[in-house]
Amino acid sequence: GPGGKQEMLGMQYANKETPTVDIGGTTYNVELVYADNGSTTDKAPTAAAELVSKDVSLVLGSYGSSVAMAGGPVFDEAGLAAIGVTCTNPNITAGNDYYFRICFLDNFQAQVLVNFAKDKFSAQKAYCLGELGNEYDQGLIAFFEQNFDGEVIKDSFPTNTSDFTTYLNKAVAEDVDVIFCPVSIAYATQIVGLAASMGLDIPLLGSDTLDSNVVLEAAQGSNVQLYVSTFYQEGGSPEFDAGIKAYINGNATAKEANGGNDTISAVTAMGYDAYYVALEAIKAAGSGDGAAIKAALPSVTYTGVSGAISFDSIGDAVRDTAFIKTADTANGVWALETVQTGSSN
């Protein structure tokens, strides 16, 4: 999917910037090896097995929580560690020693959005909308409801829904203060586009999946109030911003992978940081051996463009802040709204 391509873009840029690693006085080239799980849980184990067969030292990804969970056991069997980059569901790292991650979790992300809804809109009543049976959507909605000390109305739409009119009309009829829709990019684009054409005046809150150029385009020229919690927003590291933009603009394939423009996606910044965390793990292990790297990872720390990264006992990143961006619909760009804190694990 588009998000996965943008996540990899950050790794590709980092690999171009720093293509080698020193182990015991010898310089080694770092090779990026790819496998495509097609963003489906049924293909995830096959894609994971493909990486194992190519004798990788460490895995970065996968983009998407459900596929990360589906492929994870394959890495466990091979004795490899995987570092989740932007997959936020708590179950990825729970109860296993092979998955780590550098992003914040959905319980933290939901807490941040609840805090924001209270601080910005004094919200007392929220409408939550997610895809039926989607672990990511439903997990976030459950955490939002747990943290929100007001009234929550919830709906789940069936997979492949293409008309969201009844859902948005219900939110209007219920006179809610905010709508929380932590859905995939394709659904988010439809919901935001519909909100724009309806002239919906209820603020839409989204999670990291909505941090996408195509979702932004769906809001363009409208009065939609869209706020998204994310891992990074342009302006956070001017040096990184300038470097990645030059890379995207100088490379047609990279530009295409980024959706045809040079807007920096937060998942790209995370992919960039993940690559450097991986290098730190290789250096700490003093080896390219998968088992040694897996053993070294818990003690790795790194300060990246998305903030400071270290791991807790579960393998999750210790984080205390998230970026909240808003759609500047007149200019068709994301603007930094606030850096919002929440209580971390």
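Residues numbered from 1 in each chain as written. Predicted model: local features only at pLDDT ≥ 70, side-chain atom pairs only at ≥ 80, totals over all residues. Heavy atoms only, no water.

**Considering the overall build of the chain**
- Looking only at helices and strands, the chain features 12 helices and 14 strands.
- For 345 residues, the compact-globule estimate of 2.2 N^0.38 gives 20 Å, and the chain sits close to it at 20 Å.
- For the chain, the residues scored as buried account for 53% of the 345 residues in total.
- Taking as baseline every contact in the chain between residues at least 6 positions apart, the subset at least 24 positions apart corresponds to 65%.
- Accessible surface for the chain amounts to roughly 13,800 Å². Of this, 48% is attributable to carbon and sulfur atoms.
- Each charge class in the chain was averaged separately, 16 positive and 41 negative side chains, and the resulting centres sit 2 Å apart. (Helix = DSSP H or I, 4+ residues; strand = E, 2+ residues; numbered from the N terminus. Rg over C-alpha atoms; globule rule 2.2 N^0.38 Å. Buried < 20%, exposed > 50% of the residue type's maximum accessible area, 1.4 Å probe, protein only. Contact = heavy atoms within 4.5 Å. Areas by Shrake-Rupley, 256 points an atom, 1.4 Å probe, with all protein chains shown as cover. Lys, Arg positive; Asp, Glu negative; His and termini not counted. Charge placed at Lys NZ, Arg CZ, Asp CG, Glu CD.)

**Here we look at the state of the cysteines**
- Summed over the entire model, instances satisfying the criterion amount to zero disulfides.
- Cys128 takes part in no disulfide bond, and the closest cysteine sulfur to it belongs to Cys181, at a distance of 9.4 Å.
- The class for Cys128 is buried, based on a relative accessible area of 0%. (Disulfide = S-S within 2.5 Å.)

**As for the packing of helix H2 (residues 44-53) against helix H3 (residues 65-78)**
- In the contact formed by H2 and H3, the axes pass within 8 Å of each other and the chain directions differ by 35°. For the crossing formed where H2 meets H3, the hand is right-handed. Contacts between H2 and H3 involve Ala44, Pro45, Ala48, Ala49, Leu51 and Val52 from the former and Val67, Ala70, Gly71, Val74, Phe75 and Ala78 from the latter. (Axes fitted to C-alpha atoms, helices over the stretch in contact; angles between N-to-C directions. Left-handed = near helix turned anticlockwise from the far one by under 90°.)

**A look at the environment of Cys128**
- Within the secondary structure, Cys128 is located in strand E6 (residues 125-131).
- Measuring from C-alpha to C-alpha, the distance between Cys128 and Val178 comes to 8.6 Å, with 50 residues separating the pair along the chain.
- Residues in contact with Cys128, not counting those within four places in the same chain, are Ile141, Phe144, Val152, Ile153, Lys154, Asp155 and Phe180.

**Focus on unusual backbone geometry**
- A cis amide bond, omega 5°, links Gly61 with the succeeding residue Ser62.
- Counting through the fold element by element, Ser62 comes out in the loop between strand E3 (59-60) and H3.
- We note that Ser39 has phi near 55°; this positive angle belongs to a residue other than glycine.
- Of note, Ser39 is situated in the loop between strand E2 (26-29) and H2.
- In this structure Ser39 comes out as partly exposed when scored by relative accessible area, which is 41%.

**Quick word on helix H1 (residues 2-17)**
- The end-to-end C-alpha distance of H1, which contains 16 residues, comes to 23 Å, matching closely the 22 Å that a straight helix rising 1.5 Å per residue would cover.
- The set of residues buried in H1 consists of Gly3, Gly4, Gln6, Glu7, Leu9, Gly10, Met11, Tyr13, Ala14 and Asn15.
- Taken together, the buried residues of H1 touch E3, helix H7 (185-198), helix H8 (213-219), helix H9 (238-249), helix H10 (252-257) and helix H11 (266-285). (Expected span 1.5 Å × (residues − 1).)

**A short note on the packing of helix H6 (residues 165-173) against H7**
- Interhelical geometry of H6 versus H7 gives an angle of 55° and a closest axis separation of 10 Å. Classified by the angle their axes make, H6 and H7 are oblique. As H6 packs across H7, the resulting crossing turns out to be right-handed. Contacts between H6 and H7 involve Thr165, Leu168, Asn169 and Val172 from the first element and Ile191, Leu194, Ala195 and Met198 from the second.
- For the contact of H6 with H7, the class distribution of residues is six nonpolar, two polar and no charged. (Parallel < 35°, antiparallel > 145°, perpendicular 65-115°, else oblique. Nonpolar A, V, L, I, M, F, W, Y, C, P; charged D, E, K, R; others polar.)

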